[in-house]
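The lines below spell out each chain.
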Amino acid sequence: MKFFWYSSPQTFYPLAGHIARACWVIAALLTLAGLYIGLLVAPTDAQQGEAYRIIFIHVAAAWMSMFLYVVMAFWAAIGLAFNTRLSSMMATAIAPTGALFTFIALWTGSLWGRPTWGTYWVWDARLTSELILLFLYLGFMALQASIDDPRRADRAGALLAIVGVVNVPIIYYSVQWWNTLHQGASVSLRSSPKMAATMLTGMLVMVFAFWAYAIAAAMMRVRSIIREREA
Amino acid sequence: MKEFFSMGGYAWYVWGSYGVTFACLALEVFFLVRRSRETKT
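Residues numbered from 1 in each chain as written. Chains lettered and ligands numbered in written order. Predicted model: local features only at pLDDT ≥ 70, side-chain atom pairs only at ≥ 80, totals over all residues.

**A short note on the overall build of chain A**
So the rule is basically this: Helix and strand assignments follow DSSP, with helices taken as H or I runs no shorter than four residues and strands as E runs no shorter than two, numbered in order from the N terminus. When we talk radius of gyration, it's over C-alpha atoms, and the globule rule is simply 2.2 Å times the number of residues to the 0.38. Here a residue counts as buried when 20 or more other C-beta atoms fall within 10 Å of its C-beta, as exposed when 12 or fewer do, and as partly exposed in between; the C-beta atoms come from the backbone. Two residues form a contact once the distance between their C-beta atoms, set from the backbone, is within 7 Å.
Of regular secondary structure, chain A possesses seven helices and zero strands. Over its C-alpha trace chain A gives a radius of gyration of 19 Å, about what one expects of a compact globule, namely 17 Å for 231 residues. Seen through its C-alpha atoms, chain A measures out along the principal axes to roughly 55 × 35 × 30 Å. The buried share among the 231 residues of chain A stands at 42%. Sequence separation of at least 24 residues holds for 78% of the intrachain contacts in chain A that already meet a minimum separation of 6.

Structure follows, in structure tokens:
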């Protein structure tokens, strides 16, 4: 595998196109499957009634929001350390999609909080740290947009992205470290899931659907960035 | 069918979530395609 062969924008460009096309198809199919399971197959929750169905997009979007931030910061750091153009472009390409998933996580969480907690918003640790994540994404994008020289914009953005990584474990462990209204993790690697099998299946299918969507969107955007910068 | 859309009285919350989510994703795809077209010419 010629791994480093693809580290140049010109050689990565056609590969990104193939990945994007494949992932659009996968994302569409998995979304349809996930919606089918989540809205039609999964049973009504004993405590929350139908309101719990927000879980299928809320958890998937929240996971993606954190995961994409780590990936973005990783590529930004690689770009900063090794001065590789494509790495920095990847970070720039991921940011808008990450911000979008963060917004979706907050929005759906808000609409879920109203019927279950009795409020759209509360300044508790989980919600506040997720809101800070949104501001980190927006700050990264605004900072890069405000600097004309793309290479300088890459470096400045990378510093912000790397410093902001500290927020991700804070979001993840916020429900353990502080007394929050938000419930703890229903699914983790260390214990068996605390939910019905169909619900879990629907949720995981949506996670993979959003995953494929995020890859497709980032690949399509990085192609545009390569065209804009390398033309 | 009507029962499905009423979501047990939680229609605003459930459809508000799903609606905004997929509207956002559709909007992003729109912008991606537009940017892609602009840079290709």
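**Here's the deal with the overall build of chain B**
Check the secondary structure of chain B and you find two helices and zero strands. Its C-alpha atoms put chain B at 50 × 15 × 5 Å along the principal axes. Evaluated residue by residue, chain B yields a buried proportion of 22% over its 41 residues.

**Considerations on the interface of chain A and chain B**
Rules: Think of it as three bins: nonpolar holds Ala, Val, Leu, Ile, Met, Phe, Trp, Tyr, Cys and Pro, charged holds Asp, Glu, Lys and Arg, and polar takes everything else, Gly as well.
Facing 25 residues of chain A, the contacting portion of chain B comprises 18 residues. Elements supplying a minimum of two residues to the side of chain A that touches chain B: α3 (85-117) and α7 (197-230) of chain A. Residue contributions to the side of chain A that touches chain B peak at ten residues, all from α3 of chain A. Split into classes, the residues belonging to the side of chain A that touches chain B amount to 13 nonpolar, five polar and seven charged.

**As for helix α2 (residues 55-82) of chain A**
Given 3.6 residues per turn, any residue in an α-helix points the same way as the ones three and four places further on. Filter applied, for reference: Each helix should span, by expectation, one fewer than its residue count multiplied by 1.5 Å.
The terminal C-alpha atoms of α2 of chain A, which comprises 28 residues, lie 40 Å apart, in line with the 40 Å expected from a rise of 1.5 Å per residue. Within two residues after α2 of chain A, Asn83 of chain A carries a phi angle of roughly 60°, on the positive side.

**Points about the confidence of the model for chain B**
Counted only if it meets this: Across the chain, each position has a pLDDT score giving the predictor's confidence in that residue, from 0 to 100.
Averaged over chain B, the pLDDT score is 90; the fraction of residues at 70 or greater is 98%. For this predicted complex, the interface score ipTM comes out at 0.93, while the overall pTM is 0.93.

**Things to note about unusual backbone geometry**
Phi at Asn83 of chain A is positive, roughly 60°, even though this residue is not glycine. Structurally, Asn83 of chain A can be placed in the loop between α2 and α3. Even without being glycine, Met7 of chain B reaches a positive phi, approximately 50°. With respect to the helices and strands, the residue Met7 of chain B is situated in the loop between α1 (2-6) and α2 (11-40).

**A closer look at the nonpolar core**
The following threshold applies: Think of a nonpolar core as buried Ala, Val, Leu, Ile, Met, Phe, Trp, Tyr and Cys residues, each tied to the set through C-beta atoms within 7 Å.
Ranked by size, the top nonpolar core spans 76 residues in total, and within it Ala60, Met72, Phe210 and Ala216 of chain A carry the most contacts. Among the elements of the structure, α1 (9-41), α2, α3, α4 (125-146), α5 (150-164) and α7 of chain A together with α2 of chain B are those that each provide at least two residues to this core. Excluding its chain neighbours within four sequence positions, the residues that come into contact with Ala216 of chain A are Ala20, Cys23, Trp24 and Ala27 of chain A.

**Considerations on the environment of Ala16 of chain A**
Residues and elements named next belong to chain A. Relative to the helices and strands, Ala16 is located in helix α1. Separated by 203 residues in the primary sequence, Ala16 and Met219 place their C-alpha atoms 5.4 Å from one another. Sequence-distant contacts of Ala16, defined by excluding residues within four places in its chain, comprise Met219, Val222 and Arg223.

**Observations concerning the confidence of the model for chain A**
When pLDDT is averaged along chain A, the result is 91, and 95% of the positions lie at 70 or above. Looking over chain A, one finds the lowest element-wise mean pLDDT in helix α6 (residues 167-177) of chain A, namely 90, and the highest in α4 of chain A, namely 96.

**A word on the packing of α1 of chain A against α7 of chain A**
Residues and elements named next belong to chain A. To keep things clear, this is the line we draw: Every axis corresponds to a line fitted to the C-alpha atoms, with the helix fit spanning only the stretch in contact, and the corresponding angles, defined between N-to-C directions, vary from 0 to 180 degrees. Here the word oblique covers every angle except those under 35 degrees (roughly parallel), over 145 (roughly antiparallel) and from 65 to 115 (roughly perpendicular). Left-handed describes a crossing whose near helix is turned anticlockwise from the far helix through less than a right angle; right-handed describes the clockwise counterpart.
Where α1 meets α7, the axes come as close as 7 Å, and the angle between the chain directions of the two elements is 155°. What the angle tells us is that α1 and α7 run roughly antiparallel. You can see that α1 and α7 cross each other, and the crossing is left-handed. Among the residues making up the contact of α1 with α7, the classes are represented as 25 nonpolar, eight polar and two charged.

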